[in-house]
Amino acid sequence: MKTLSLWIIAAACLVTPATLAHARSAYDGSWDLNFVTQSGSCDPAYNFTVNISDGVVTHPNLVKFRGYVAKSGSVRASVTVHDKFASGTGRLSGTSGRGRWSGSAAGTRCSGYWTAQRN
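Residues numbered from 1 in each chain as written. Predicted model: local features only at pLDDT ≥ 70, side-chain atom pairs only at ≥ 80, totals over all residues. Heavy atoms only, no water.

**Considerations on the confidence of the model for the protein**
Alright, step 1. With 79% of its residues at a pLDDT of 70 or more, the protein has an overall mean of 83.
Alright, step 2. The low-confidence segment residues 1-21 (pLDDT under 50) makes one contact with residues lying over four places distant or belonging to another chain. (pLDDT = per-residue confidence, 0-100. Contact = heavy atoms within 4.5 Å.)

This is how it looks when you write it as structure tokens:
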């Protein structure tokens, strides 16, 4: 009987986080991002649109893109495109957001800030 109870408790622990991970996020939807380079020789600015679904940030064409938005609005993301890499952190709030990023392009370090607007 104790063994069965332990298995039921273990199964409940495994199922609960998976269910919570599918909860809708207050930040779900389409967001326009603007990245500005402040130091380094990266392009002066980058603009693209991402989608947030259940707190997960995705881009349809960038295969190596990982991002997550916490319930608090805290954002963490990284992207790799050919010889360019960047990672950043920041915060979303309502219909806008901002933060800092750093990365490299062709072996040169770069950094700057980013802003976001909900579509």
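**Re the nonpolar core**
Alright, step 1. Trp31, Ile52, Val69, Leu92 and Trp114 are the most contacted members of the largest nonpolar core, which totals 19 residues.
Alright, step 2. Elements with a contribution of two residues or more to this core: strand E1 (29-39), strand E2 (45-53), strand E4 (64-69), strand E5 (74-81), strand E6 (84-93), strand E7 (96-105) and strand E8 (108-118).
Alright, step 3. Residue contacts for Ile52: discarding those within four places in its chain leaves Tyr27, Asp28, Gly29, Trp31, Val57, Val69 and Leu92. (Core = buried A, V, L, I, M, F, W, Y, C linked by side-chain atoms within 4.5 Å. Buried < 20%, exposed > 50% of the residue type's maximum accessible area, 1.4 Å probe, protein only. Helix = DSSP H or I, 4+ residues; strand = E, 2+ residues; numbered from the N terminus.)

**Points about the environment of Arg91**
Alright, step 1. You can see Arg91 is positioned in strand E6.
Alright, step 2. Distance in space between the C-alpha atoms of Arg91 and Gly73 is 5.2 Å, their sequence separation being 18 residues.
Alright, step 3. Here Arg91 is in contact with Ser72, Gly73, Ser74, Val75, Ser96, Gly97, Arg98 and Trp114, once residues within four sequence places are set aside.
Alright, step 4. Polar side-chain contacts of Arg91 include one of 2.9 Å to the backbone oxygen of Ser72. (Polar contact = N/O pair within 3.5 Å; in protein donor to acceptor, adjacent residues only side chain to side chain.)

**Comments concerning the pattern of salt bridges**
Alright, step 1. Scanning the entire structure with this criterion turns up two salt bridges.
Alright, step 2. Taking the shortest distance from any N to any O, the salt bridge between Asp28 and Arg24 comes out at 3.3 Å.
Alright, step 3. Taking the relative accessible area as the measure of exposure, Asp28 reaches 9% and is therefore buried.
Alright, step 4. Of the charged contacts, one joins Lys84 and Asp43 as a salt bridge, the two residues approaching to 3.6 Å between their closest N and O atoms. Here the residue Lys84 occupies a position in strand E6, and Asp43 occupies one in the loop between E1 and E2, the gap between them amounting to 41 residues.
Alright, step 5. Of the residues examined, Lys84 reaches a relative accessible area of 33% and is grouped as partly exposed. (Salt bridge = Lys/Arg side-chain N within 4 Å of Asp/Glu carboxyl O.)

**Details of the state of the cysteines**
Alright, step 1. Here the structure, examined in full by the defined rule, presents one disulfide.
Alright, step 2. Covalent S-S linkage joins Cys42 and Cys110, the inter-sulfur distance amounting to 1.8 Å. On the sign convention where negative means left-handed, the S-S torsion of about 95° between Cys42 and Cys110 marks this disulfide as right-handed. Taken together, the residues Cys42 in the loop between E1 and E2 and Cys110 in strand E8 connect sequence positions 68 residues apart. Taken as a pair, Cys42 and Cys110 share a single burial class, namely buried. (Disulfide = S-S within 2.5 Å.)

**Some thoughts on the packing of aromatic side chains**
Alright, step 1. A complete count under the given rule lists two aromatic pairs for this structure.
Alright, step 2. With 5.5 Å between their ring centres and 15° between their planes, Phe35 and Phe48 make a pair best called stacked. Of this pair, Phe35 sits in strand E1 while Phe48 sits in strand E2, and the two are 13 residues apart along the sequence.
Alright, step 3. Ring centres of Phe48 and Phe65 lie 6.5 Å apart, and the angle between their planes is 90°; on these two criteria the pair is classed as edge-to-face. Residue Phe48 is located in strand E2, and its partner Phe65 is located in strand E4; the two are separated by 17 residues in the primary sequence.
Alright, step 4. Look at Phe65 and you get buried, because its relative accessible area is 13%.
Alright, step 5. Grouped by ring-pair contacts, the aromatic residues Phe35, Phe48 and Phe65 constitute a single cluster. (Phe/Tyr/Trp six-rings, centres within 6.5 Å; stacked < 30°, edge-to-face > 60°.)

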